[in-house]
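# Chain and residue survey
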Amino acid sequence: MSNVFTLEHVSKTFSRAGESIHALDDVSLDIPAGSFYGIVGTSGAGKSTLLRLLNLHDKPTAGSIRFHDTALADLQGPALRAYLSKVATVFQHFNLFHGKTVAENIELPLAVRGVSRAIRRSKAAELIELVGLQGKERAYPSQLSGGQTQRVGIARALVADAEVLLCDEATSALDSDTTMVVLDLLLRLKRQLNLTIVLITHSWHVVRYAADIVTLVQKGRAVETGAVRDLLHDADSWLGRQYCPRRIWARHPRMVGFATN
Ligand SMILES: Nc1ncnc2c1ncn2[C@@H]1O[C@H](COP(=O)(O)OP(=O)(O)OP(=O)(O)O)[C@@H](O)[C@H]1O
Ligand SMILES: [Mg+2]
């Protein structure tokens, strides 16, 4: 399987008040095309920083990132614009425009690209149906539930024919039932639209439910990567320890209680 993203020795250092913060420290990862890739870690681990390098909101201090065969650092002009429509992001706090309706919010990325009104409308209608928001076209974000708001964010992210969906804590503002529904939606969209999904989360439950591959990030380092189905049965892995604490407790009493949210 080919990779959508290849990260080689990526580091990102911030300076704050004369101090260096190593938000990412020598991270190398392969994100295969068609995968549902989970990036899990506690607060401050560097997850959002990683995502911001992928969506070009920021640049690495060292190392390289490739999208298929193209180095992100080399993108410019039309290739850069094409990249930005192929790689879409759903943010934690949705970032919807409150003065615009659901349909207008979803059309916005097309409007910005100068797409005609008729095409915008038909594309938005298609996405509204895909995410199950029929009947809410004219509603405003304040009139929606958290789960519905999330659907608008997902539809908007996908309206310009994205190939990769990056989700930063896309589910953490939701209760657990709504989280499942949103994850089911992402899994279905991934199949229907042939997407690669990179999902950032604090939660190993989310990883176990939805992801094929996971990387655990701790203090800016990618400390464990593997297929979720293998790691779940590997008692020496972080994911395996979360999955079956009782069994592990008998063997490693001090490992229980670590990041089980
Ligand atoms: N623009 C910035 N300037 C300075 N430091 C930053 C900046 N962005 C992130 N950091 C620092 O980098 C580290 C990683 O932050 P990041 O936001 O990537 O963590 P995270 O894993 O997404 O955390 P959370 O789960 O809380 O969202 C933190 O120590 C953070 O304070
Ligand atoms: Mg974050």
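Here the structure is shown first, and the text comes after it.
Overview of the structure. Since this is a predicted model, take the numbers as computed values, not measurements. For every chain, the first residue of the written sequence is number 1, and numbering continues from 1 onward in sequence order. The lettering of chains begins at A and the numbering of ligands begins at 1, in the order of writing. Only residues with pLDDT of at least 70 get local features here, since the model is predicted, and only at 80 or more are side-chain atom pairs given and counted; chain-wide, interface and lining totals rely on the full set of residues. Excluding hydrogens and water, the side-chain figures rest on all heavy atoms present in the structure.

What makes two strands pair is DSSP finding at least two bridges between them. A run of H or I in DSSP becomes a helix once it reaches four residues, and a run of E becomes a strand once it reaches two; helices and strands are each numbered from the N terminus. Pairing is antiparallel in the open sheet, where four strands are placed in the order β2-β1-β4-β5. Single-partner strands in this sheet number two, and they are β2 (19-32) and β5 (70-71). In terms of strand pairing, strand β1 (residues 3-16) meets β2 through 10 bridges, oriented antiparallel. Considered in β2, the bridge of Leu-7 is made with Leu-29. Taken strand by strand, helix α1 (residues 47-54) contacts β1, β2 and β4 (62-67), and its axis lies near 120° from that of β1. The contact rule is simple, with two residues in contact once any of their heavy atoms fall within 4.5 Å. Axis definition: a line fitted to C-alpha atoms, limited for helices to the stretch in contact. Angles are taken between N-to-C directions and run from 0 to 180 degrees.

Let's shift gears to the pairing of β4. As paired elements, β1 and β4 share five bridges and run antiparallel to each other. In the sheet register, Glu-8 faces β4, and the bridge partner there is Ser-64. Hairpin connection between β4 and β5: a loop of two residues separates the two successive antiparallel strands, and His-68 in this loop has a positive phi of roughly 50°.

With that settled, consider the site of ligand 1. Here a residue counts as near a molecule or strand whenever at least one of its heavy atoms sits within 4 Å of it. If you check the shell around ligand 1, you find 14 residues, and the closest are Ser-43, Gly-44, Lys-47, Thr-49 and His-202. Residues adjacent in sequence count toward polar contacts only when both atoms are side-chain atoms; beyond that, a polar contact is any pair of N or O atoms within 3.5 Å, and within protein one must be able to donate a hydrogen and the other to accept it. Contact distances for ligand 1 include 2.7 Å between an oxygen atom and a side-chain N or O atom of Lys-47. Burial of ligand 1 by the protein amounts to 67% of the accessible area it has alone, namely 640 Å². Of all the secondary structure elements, the ones that give two or more residues to the shell around ligand 1 are β1, β2 and α1. Only the protein chains shown count as cover for residues, and all accessible areas are computed by the Shrake-Rupley method using a 1.4 Å probe.

Keep in mind these values describe shape, not function.
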